[in-house]
Amino acid sequence: MSSPLDVVARFPRVRLGHAPTPLEPARNLGPALGIELWIKRDDCTGLALGGNKVRQLEFHFGEARSRGADTVLVTGAVQSNLVRVAAAAARRLDMTAHIQLEDRVDDTGELYRTSGNLLLDRMLGATLHTFPVGEDEGAADQAMERRAAALAAEGRKPYVVHSAPGPVPLGALGYVLAAEEIKVQAREIGIGFDAAVTASGSALTHAGLLAGWRALGEWMPVLGICVRRDAIRQAARVTEVVCALARALRREGACGEGDVEVSDAVLSPGYGKLNDAVREAMALAAHHEGLLLDPVYTGRAMAGLIHHVRTGRIAAGSRVVFIHTGGLPALFAYGESLGPWLSEAPTR
Ligand SMILES: *Cc1c(COP(=O)(O)O)cnc(C)c1O
């Protein structure tokens, strides 16, 4: 049977992850919040501790391999999950990874610069570079292009994973497929969702799910929780990626203006920084469900979900799917700020 998503199969892809990932009911946390909560366990995508970047990079590495690349360049925050998974994918495919670490979060502790994802990047043997700015995607991409040119001059065949959204958002294709995967799982269980909640950063996950579900005739709201930009800038970012995706999937006109919903209610004080709402969400998930959330993305996304329940955007009793996008290595990099708080936290 043909699917509106068949065109995704025309893009080169290498399988890197475990899929389908489990879709699990949160039998304690859901009732504690007054909703029926399901967790899409994309923290379990497998490669080098998993997370959402595995699905995204399957298409970047597919493209890299189809071009005969032997070296991949990628950029991100010091505790980037993207660069860690890219470093592992490169090893799996017998390529070299050059990763550029941006100075995006100030006031970090020693562990932030030594543990978590950074420890894993080094274990995976990636070549590390630093970049002094954290909020200039164009400049970060240009720095990688210059390095790629130098590597090409040495006879390497480099492929750059850009961080600014290009004409074809390859990474989002992974979440177009995930949208279909979740739809199939929900149908097998015999349920439908009233809403989905996901962290929204580069917007590849958010836009991929949104475009995928709409193409499949699934109309649930996709509630993006801002982890990096305020709501106005993030809505523009998601829309840009959804439109690019619509063109790539030959569904022009399916741009989704008015269908992009983001909240920055729990973003303060900014990217990679904890606040009380994030701490509460991490504690609730751990204490009620044995479910670990990370301090940068999924803790904030769950805090956003809780905010939506408390303010009525998510009605009591709704059936909600929360996308667990991974990120757990960062737990260890945030040990200095999480540790003192945990010793004070009630044990329920
Ligand atoms: C990158 C990342 C996100 C954000 O996903 P985008 O596709 O960049 O919006 C969410 N959670 C984790 C753990 C991530 O590493």
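All values reported here derive from a predicted model rather than from experimental measurement.

> What is the right way to read the overall build of the protein from this model?
Within the protein one finds twelve helices and ten strands. Taking 348 residues into account, the globule formula puts the C-alpha radius of gyration at 20 Å, and the protein, at 19 Å, falls close to it. Oriented by its inertia axes, the alpha-carbon framework of the protein measures out at about 60 × 55 × 35 Å. Counting every position in the protein, which comprises 348 residues, the buried fraction comes to 58%. Contacts spanning at least 24 positions in sequence make up 80% of the contacts within the protein whose residues lie at least 6 apart. For the protein, the computed accessible surface area is about 14300 Å², with 52% contributed by carbon and sulfur atoms. Side-chain charges in the protein split into 37 positive and 39 negative, and the spacing between the mean points of these groups amounts to 4 Å.

> What should I look at first to understand the sheet that holds strand 3 (residues 71-77) in this one?
In a beta sheet, neighbouring strands pair by backbone hydrogen bonds and run either parallel or antiparallel. Strand order in the open sheet made by the four strands is 5-4-3-6, with parallel pairing throughout. The sheet terminates laterally at strand 5 (127-131) and strand 6 (158-160), the two strands that pair on one side only. Adjacent strand axes in the sheet meet at a mean angle of 25°, parallel and antiparallel pairs treated alike. As paired elements, strand 4 (residues 96-102) and strand 5 share five bridges and run parallel to each other. Across the sheet, the residue bridging to histidine 98 is threonine 127, located in strand 5.

> Is there a simple way to explain the side chain of threonine 205 in this structure?
By the element assignment, threonine 205 lies in helix 7 (residues 204-215). For threonine 205, the residues in contact, after removing those within four places along its chain, are Asn52, Gln56, Tyr175, Thr198 and Thr325.

> I'm lost on the packing of aromatic side chains in this one. Help?
Geometry of an aromatic ring pair is reported as the spacing of the ring centres plus the angle between the planes. Inspection of the entire model under this criterion finds three aromatic pairs. Between tyrosine 271 and tyrosine 297 the ring centres are 6.1 Å apart and the planes differ by 70°, which places this aromatic pair in the edge-to-face class. With tyrosine 271 in the loop between strand 9 (261-263) and helix 9 (276-289) and tyrosine 297 in the loop between helix 9 and helix 10 (298-311), the pair connects residues that are 26 residues apart, well separated along the chain. A relative accessible area of 9% means that tyrosine 271 is categorised as buried.

> I keep staring at helix 5 (residues 137-153) and nothing clicks. Help me out?
In an α-helix, one turn spans 3.6 residues, which is why side chains three or four residues apart end up on the same side. Look at helix 5: 24 Å from first C-alpha to last across 17 residues, which is about the 24 Å you get at 1.5 Å a residue. The complete set of buried residues in helix 5 reads Glu137, Ala140, Asp141, Ala143, Met144, Ala148 and Leu151. Down the axis of helix 5, the smallest arc covering the buried residues is 155°, so these residues share one side. Helix 5 presents Arg146 and Ala153 as exposed residues on the side facing more than 90 degrees away from its buried surface. Buried positions along helix 5 lie against strand 3, strand 4, strand 5, strand 6 and helix 8 (231-248). Trailing helix 5 by a residue or two, glycine 155 shows a phi angle of about 95°, which is positive.

> Looking at this structure, I do not really get the sheet that holds strand 9. What am I missing?
Ordered in space as 1-2-10-7-8-9, the six strands form an open sheet in which the pairing is mixed. Here the strands that pair on one side only, and so sit at the sheet edges, are strand 1 (23-25) and strand 9. Going across the sheet, the axis of each strand differs from the next one's by a mean of 30°, ignoring polarity. Judged from the three bridges that link them, strand 7 (residues 195-200) and strand 10 (residues 319-324) form a sheet pairing that is parallel. Considered in strand 10, the bridge of valine 197 is made with phenylalanine 322. Strand contacts of helix 10: strand 2 (36-41), strand 7, strand 8 (222-226), strand 9 and strand 10, with the helix running at about 120° to strand 8, the strand carrying the most contacts.

Rules and cut-offs
Residues numbered from 1 in each chain as written. Predicted model: local features only at pLDDT ≥ 70, side-chain atom pairs only at ≥ 80, totals over all residues. Heavy atoms only, no water. Helix = DSSP H or I, 4+ residues; strand = E, 2+ residues; numbered from the N terminus. Rg over C-alpha atoms; globule rule 2.2 N^0.38 Å. Buried < 20%, exposed > 50% of the residue type's maximum accessible area, 1.4 Å probe, protein only. Contact = heavy atoms within 4.5 Å. Areas by Shrake-Rupley, 256 points an atom, 1.4 Å probe, with all protein chains shown as cover. Lys, Arg positive; Asp, Glu negative; His and termini not counted. Charge placed at Lys NZ, Arg CZ, Asp CG, Glu CD. Pairing = 2+ DSSP bridges. Axes fitted to C-alpha atoms, helices over the stretch in contact; angles between N-to-C directions. Phe/Tyr/Trp six-rings, centres within 6.5 Å; stacked < 30°, edge-to-face > 60°. Expected span 1.5 Å × (residues − 1). Arc of directions from axis to C-beta.

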